[in-house]
Amino acid sequence: MEILRDSLPMVSLAVPAAALYSRAASSRLRPGFPRLAALLPVLVVFAAAPLAVTSSPTVRGTAGFFLGWLGVFKVLLLAAGRGPLEPALPVLPFVFTALLPVKLRRREAAAEASKSVSLLSSAVKLAVIATLIKVYQFKHQLHLYMCLILYGIHIYCFLDLLLPFIAAIGRALGMEMEPQFDRPYLATSLRDFWGRRWNLMVSAILRPSVYGPVRARAGKAAAALATFLVSGLMHEVMVYYSSLEPPTGEMLAFFFLHGVSCVVEELCVRRWTKRGWPPLPRPVATMLVAMFVGATAFWLFFPPLCRDGRDDKILEEWAAAAAFLVNVGLKLLGSV
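- The protein chain appears in an unreviewed UniProt entry as Wax synthase domain-containing protein from Eragrostis curvula.
- According to its UniProt record, the protein chain has this under Subcellular location (unreviewed entry): "Membrane".
- Listed under Sequence similarities (unreviewed entry) in UniProt, the entry text for the protein chain is "Belongs to the wax synthase family."

What follows is the structure in structure tokens.
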């Protein structure tokens, strides 16, 4: 894959070509080992393509998420005859789904879904990002934990703008996409946060590829732990894509801790309910979830992203990207 390095035009051609090849090959081979063997070159291309972006950790990390993680898992599921990719899909929806973190809605769900884009929500997130970019100018005068809180807000706003933007492009091309987030700041439990509110595309991929098979063989608790372990391993890979530095294991520890916590949480809820105790008030439960996620993120999630000045490099790129998005957003709002 050395031919892909430092060659964005080559990658731009190789990746869609690999997706088209996977559609053609899977339409001629039954799910199983023969289809997997035929799709191995696609897995290699998807995994290697993000490394072609040598100058931008943000773009490299984003491409790693799109292709090196979700794309690879989608192709593996395609080899098994499962997941969001189907050989029967038309060419454009197939390629769009293979290369981007989207999932097509079922027809009946799409008919009931609202196709309106929340301009107010997008405007608020654009304003938040623009404000954060200004605040980052005083980054070295802020407490470390305050910086990490701002990073967390920034990551959420960035993803919740980027992914719906991709979905909007899909809708413009006649495809209806499922939402990627569902107000994670309102989660009342860790299971609610990870399973039903945060980055739902990842949940949709991990459920059939890891959780379902492990649960069928080892039970619900083992399936939850295995799912979080795989998520942790892939986050280690994402850190490598972004930093090109060996993984430290902190991401793996973060997600393993949350996997154990989700299992313990479910056991506690069962005992709590069995004793007839009333559930915690929603604001209290939401606050406890936010505190736990925040504290463990400060401890394990953010250090690999901030070590050796990596956050400063990423912030410089985010500042440029945010300025572009703000300008485009303001023009769109002005036209509306």
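Picking up where we left off.
**Notes on the overall build of the protein chain**
- From N to C terminus, the protein chain includes 14 helices and zero strands.
- Start at the N end of the protein chain and walk to the C end: the helices and strands fall as α-α-α-α-α-α-α-α-α-α-α-α-α-α.
- By the burial criterion, 43% of the 336 residues in the protein chain qualify as buried.
- Taking as baseline every contact in the protein chain between residues at least 6 positions apart, the subset at least 24 positions apart corresponds to 70%.
- Working note: accessible area of the protein chain is about 18,000 Å², and carbon and sulfur atoms make up 67% of it.

**Quick word on the packing of helix 2 (residues 33-48) against helix 3 (residues 57-79)**
- Where helix 2 meets helix 3, the closest approach of the two axes is 9 Å, and the angle between their N-to-C directions is 175°. Between helix 2 and helix 3, the crossing angle belongs to the class labelled roughly antiparallel. Here Arg35, Leu36, Leu39, Val42, Leu43, Phe46 and Ala47 of helix 2 come into contact with helix 3, specifically with Leu67, Gly68, Gly71, Val72, Val75, Leu76, Leu78 and Ala79.
- Residues belonging to the contact of helix 2 with helix 3 are distributed by class as follows: 12 nonpolar, two polar and one charged.

**Remarks on helix 12 (residues 282-301)**
- Listed as buried for helix 12 are Ala285, Thr286, Val289, Val293, Thr296, Ala297, Leu300 and Phe301. Take helix 12 and look down its axis: the buried residues cluster within an arc of 115°, on one side only. Residues of helix 12 that are exposed and point over 90 degrees away from its buried face: Pro283, Met291 and Trp299.
- Those residues of helix 12 that are buried lie in contact with helix 8 (190-196), helix 10 (220-243), helix 11 (250-274) and helix 13 (303-306).

**Topic: the pattern of salt bridges**
- Enumeration according to the criterion identifies seven salt bridges in this entry.
- Measuring nitrogen to oxygen at the nearest pair gives 2.9 Å for the salt bridge that ties Lys220 to Glu266. Of the two residues, Lys220 is situated in helix 10 and Glu266 in helix 11; the sequence distance between them amounts to 46 residues.
- Lys220 sits in the partly exposed class, given a relative accessible area of 35%.

**Examining the state of the cysteines**
- One pass over the structure, following the stated rule, counts zero disulfides.
- Unpaired in this structure, Cys306 has its nearest cysteine sulfur neighbour in Cys147, at a distance of 8.5 Å.

**Focus: the UniProt feature "transmembrane region" (unreviewed entry) in the protein chain**
- UniProt's feature table lists "transmembrane region" (unreviewed entry) at residues 36-54, 61-81, 87-104, 116-136, 142-167 and 284-302, given in the numbering used throughout.
- This span, residues 87-104, is 50% helix and 0% strand, and a straight line between its end C-alpha atoms measures 14 Å.
- With 95% helix and 0% strand, residues 284-302 has its two end C-alpha atoms placed 25 Å apart.

**Quick word on the packing of aromatic side chains**
- For the coordinates displayed, the defined rule picks out 17 aromatic pairs.
- Seen from their ring centres, Trp272 and Trp277 are 5.0 Å apart, and the 85° between their planes marks the pair as edge-to-face.
- For Trp272, a relative accessible area of 36% translates into the label partly exposed.

**Overview of a nonpolar patch on the surface**
- Nonpolar side chains collect at one region of the surface, where Trp272, Trp277, Leu280, Val284, Met287, Leu288 and Met291 lie side by side and expose about 670 Å² of accessible area between them.
- Looking at the nonpolar patch, the element that brings in the most residues is helix 12, giving four residues.
- Along the chain, Met291 falls in helix 12.

**Considering helix 9 (residues 200-218)**
- A bend of about 55° at Arg207 is the largest found in helix 9, and the proline Pro208 appears one to four places after it.
- Among the residues of helix 9, those classed as buried are Met201, Val202, Ser203, Ala204, Ile205, Leu206, Pro208, Val210 and Tyr211.
- On its buried side, helix 9 packs onto helix 3, helix 8 and helix 10.
- Remark: Gly219 follows helix 9 within two positions and exhibits a positive phi of approximately 100°.

**Thoughts on the nonpolar core**
- Val15, Phe46, Trp69, Leu99 and Trp194 are the most contacted members of the largest nonpolar core, which has 76 residues in total.
- With 11 residues, the single largest contributor to this core is helix 3.
- Not counting the four nearest positions on each side in its chain, Leu99 is found in contact with Val15, Pro16, Ala19, Phe46, Phe66 and Leu67.

**Points about the packing of helix 3 against helix 9**
- Direction vectors running N to C along helix 3 and helix 9 enclose 35°, while the axes themselves pass 10 Å from each other. With respect to the hand of their crossing, helix 3 and helix 9 are arranged in left-handed fashion. Facing helix 3, whose interface residues are Phe65, Trp69, Leu70, Phe73, Lys74 and Leu77, helix 9 presents Met201, Val202, Ile205, Leu206, Pro208 and Ser209.
- Per-class residue counts for the contact of helix 3 with helix 9 are 10 nonpolar, one polar and one charged.

The rules behind these values
Residues numbered from 1 in each chain as written. Predicted model: local features only at pLDDT ≥ 70, side-chain atom pairs only at ≥ 80, totals over all residues. Heavy atoms only, no water. UniProt positions renumbered as here; feature names shortened; annotations may be inferred. Helix = DSSP H or I, 4+ residues; strand = E, 2+ residues; numbered from the N terminus. Buried < 20%, exposed > 50% of the residue type's maximum accessible area, 1.4 Å probe, protein only. Contact = heavy atoms within 4.5 Å. Areas by Shrake-Rupley, 256 points an atom, 1.4 Å probe, with all protein chains shown as cover. Axes fitted to C-alpha atoms, helices over the stretch in contact; angles between N-to-C directions. Parallel < 35°, antiparallel > 145°, perpendicular 65-115°, else oblique. Nonpolar A, V, L, I, M, F, W, Y, C, P; charged D, E, K, R; others polar. Arc of directions from axis to C-beta. Salt bridge = Lys/Arg side-chain N within 4 Å of Asp/Glu carboxyl O. Disulfide = S-S within 2.5 Å. Phe/Tyr/Trp six-rings, centres within 6.5 Å; stacked < 30°, edge-to-face > 60°. Patch = residues over 30% accessible without salt bridge, like charges linked within 9 Å, V, L, I, M, F, W, Y side chains within 5 Å. Bend = angle between axes of the 7 residues up to and from the residue. Core = buried A, V, L, I, M, F, W, Y, C linked by side-chain atoms within 4.5 Å. Left-handed = near helix turned anticlockwise from the far one by under 90°.

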